[in-house]
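Listed below are the residues making up each chain.
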Amino acid sequence: MFGELFPEAVRYAELLADAGVKRGLIGPREVPRLWERHLLNCAVLSEVVPEGVTVCDVGSGAGLPGIPLALVRPDLKITLLEPLLRRTNFLQEVVELLGLDHVTVVRGRAEEVLGKLQPVHVVTARAVAPLDRLAGWGVPLLKPYGEMLALKGDTAEEELNGARAALSKLGVLETEVLQVGEGLVDPLSTVVRVVVGESPGGVRFAAKRAKAARTERTRRRR
Ligand SMILES: C[S@@+](CC[C@H](N)C(=O)[O-])C[C@H]1O[C@@H](n2cnc3c(N)ncnc32)[C@H](O)[C@@H]1O
């Protein structure tokens, strides 16, 4: 799966098992199942990410799914977005140690970086929030016609059905539940894919985004 970057993937697993556990970023019980539950389960998301696009991994935590995705896809430009300093420090160390020049770490909450981050083609997320709330944070960060890919468990269909009204208000045009990782992970990873139209976040976020961009321009001029 990781090809030439397999040694970097091993190094990342070691960092998670050591500093990740010591600093409380990952539970000690996860250590024996780091590869199948975390690295591989996240890396297979690559199957549904288009070639050469920009990606924002919202609520990246210790780098999941963003780091495994970066290891299998050097063609992507990935931003790891995470509000907690302890976690962004760890992420920055991992990015530097593994030499991941196509990955940037940004500290912040998704709803607060609107207008400050360049809109991206793909938002990824795992274990951040229920789909309706996650969409409210992630969809406004997308470019027109971009997509959010949320790794979800068995509740994917249920969450999607419960979030339909919220998604429609956010300008989502298309939704699907996908299984990825055939022949690589067992069980397969479940991904909820939502695709927006020309107004990511709908009317409410168009105004918010424009206001945030104006504030950011003024701040930069000072
Ligand atoms: C349960 S952890 C999951 C971390 C990682 N995605 C994983 O699968 O291991 C949820 C993460 O989302 C972050 N988070 C919570 N609210 C957020 C928000 N509004 N914007 C961005 N990240 C957020 C938390 O700080 C935390 O690191």
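Starting from 1, residues in each chain are numbered consecutively following that chain's sequence as written. Totals for whole chains, interfaces and linings use every residue, but because this is a predicted model, local features are given only for residues with pLDDT of at least 70 and side-chain atom pairs only at 80 or more, for both listing and counting. By convention in this description, side-chain values take in all heavy atoms of the structure and omit both hydrogens and water.

Asks: What should I look at first to understand the site of the ligand in this one?
Replies: Around the ligand sit 16 residues in total, of which L64, E82, R87, E111 and R126 are the nearest. Contacts described as polar in this section are N or O atom pairs within 3.5 Å, which, within protein, must combine one atom able to donate a hydrogen with one able to accept it, while residues neighboring in sequence count only if both atoms come from side chains. R87 places a side-chain nitrogen or oxygen 2.5 Å from an oxygen atom of the ligand. One of the side-chain N or O atoms of E111 is found 2.8 Å from a nitrogen atom in the ligand. For the ligand, whose accessible area on its own is 600 Å², the fraction buried by protein is 80%. Residues are grouped as follows: Ala, Val, Leu, Ile, Met, Phe, Trp, Tyr, Cys and Pro are nonpolar; Asp, Glu, Lys and Arg are charged; every other residue, Gly included, is polar. For the shell around the ligand, the class distribution of residues is 8 nonpolar, 3 polar and 5 charged. In these notes, residues near a molecule or strand are those with any non-hydrogen atom within 4 Å of it. The method behind every accessible area is Shrake-Rupley, applied with a 1.4 Å probe, and residues are considered shielded solely by the protein chains displayed.

Asks: How should I be thinking about the pairing of strand 5 (residues 142-152) in this particular structure?
Replies: Look at any regular strand and the pattern is simple: side chains alternate between the two faces of the sheet. Using a 1.4 Å probe on the protein chains alone, a residue whose accessible area is under 20% of its type maximum counts as buried, one over 50% counts as exposed, and one in between counts as partly exposed. Secondary structure elements are defined from DSSP: runs of H or I of at least 4 residues count as helices, runs of E of at least 2 residues count as strands, and each element is numbered from the N terminus. Burial within strand 5 is extensive, with 8 of its 11 residues counted as buried. At least two bridges found by DSSP between two strands are what make those strands a pair. As paired elements, strand 4 (residues 120-126) and strand 5 share 6 bridges and run parallel to each other. Paired with V122 across the strands is E147, a residue of strand 5. Handedness of a crossover is defined as follows: orient the strands so they point away from the viewer, and if the path from the first strand over the helix to the second runs clockwise, the crossover is right-handed. Considered for its hand, the β-α-β crossover made up of strand 4, helix 5 (residues 131-138) and strand 5 is right-handed.

Asks: How should I be thinking about the state of the cysteines in this particular structure?
Replies: Two cysteines form a disulfide when their sulfur atoms are joined by a covalent bond. The criterion for a disulfide is a pair of cysteine sulfur atoms lying within 2.5 Å. Taken as a whole and assessed by the stated rule, the structure comprises 0 disulfides. This cysteine, C42, is not joined by any disulfide, and C56 carries the nearest cysteine sulfur, 15 Å off. Overall, the relative accessible area of 0% leaves C42 in the buried class.

Asks: Sorry, what's going on with helix 4 (residues 85-98) here?
Replies: For an α-helix, the turn length of 3.6 residues means that residues three or four places apart are oriented alike. Look at helix 4: 20 Å from first C-alpha to last across 14 residues, which is about the 20 Å you get at 1.5 Å a residue. Residues T88, F90, L91, V94, V95 and L98 constitute the buried set of helix 4. The buried side chains of helix 4 occupy one side of the element, clustering within an arc of 160° when seen end-on. Looking at helix 4, the residues exposed on the side facing more than 90 degrees away from the buried face are E96 and L97. Contact between two residues is taken to exist if any of their heavy atoms lie within 4.5 Å; hydrogens are not considered. The secondary structure elements touched by the buried residues of helix 4 are helix 1 (6-22), helix 3 (66-72), strand 2 (77-82) and strand 3 (103-107). At the exit of helix 4 stands G99, carrying a positive phi of roughly 65°. Multiply 1.5 Å by the residue count of a helix minus one, and that product is the helix's expected span. Directions pointing from the helix axis toward each C-beta atom define the arc.

Asks: What exactly am I supposed to notice about the sheet that holds strand 6 (residues 172-180) here?
Replies: Sheets are built from strands that pair by backbone hydrogen bonding, the pairs being arranged parallel or antiparallel. Spatially, 7 strands are ordered 3-2-1-4-5-7-6 in an open sheet, and the strand pairing comes out mixed. Each edge of the open sheet carries a strand with a single partner, namely strand 3 and strand 6. Pairwise comparison of adjacent strand axes, ignoring direction, gives a mean angle of 20° for this sheet. As defined by bridge partners, strand 1 (residues 54-58) adjoins strand 2 across 5 bridges and the pair is classed as parallel. The residue of strand 2 that forms the bridge with D57 is L80. Relative to strand 4, helix 2 (residues 34-43) is tilted by about 160°, and along the sheet it contacts strand 4, strand 5 and strand 7 (189-196). Against the sheet, helix 5 touches strand 4, strand 5 and strand 7, its axis set at about 145° to strand 5. Axes here mean lines fitted to C-alpha atoms, for a helix over just the part in contact, with angles spanning 0 to 180 degrees between N-to-C directions.

Asks: Honestly, the side chain of T88 in this entry has me stumped. Any pointers?
Replies: With respect to the element layout, T88 can be found in helix 4. Overall, T88 belongs to the buried group, its relative accessible area being 7%. Residues within four places of T88 in sequence aside, it is in contact with E82, V105, V106 and R107.

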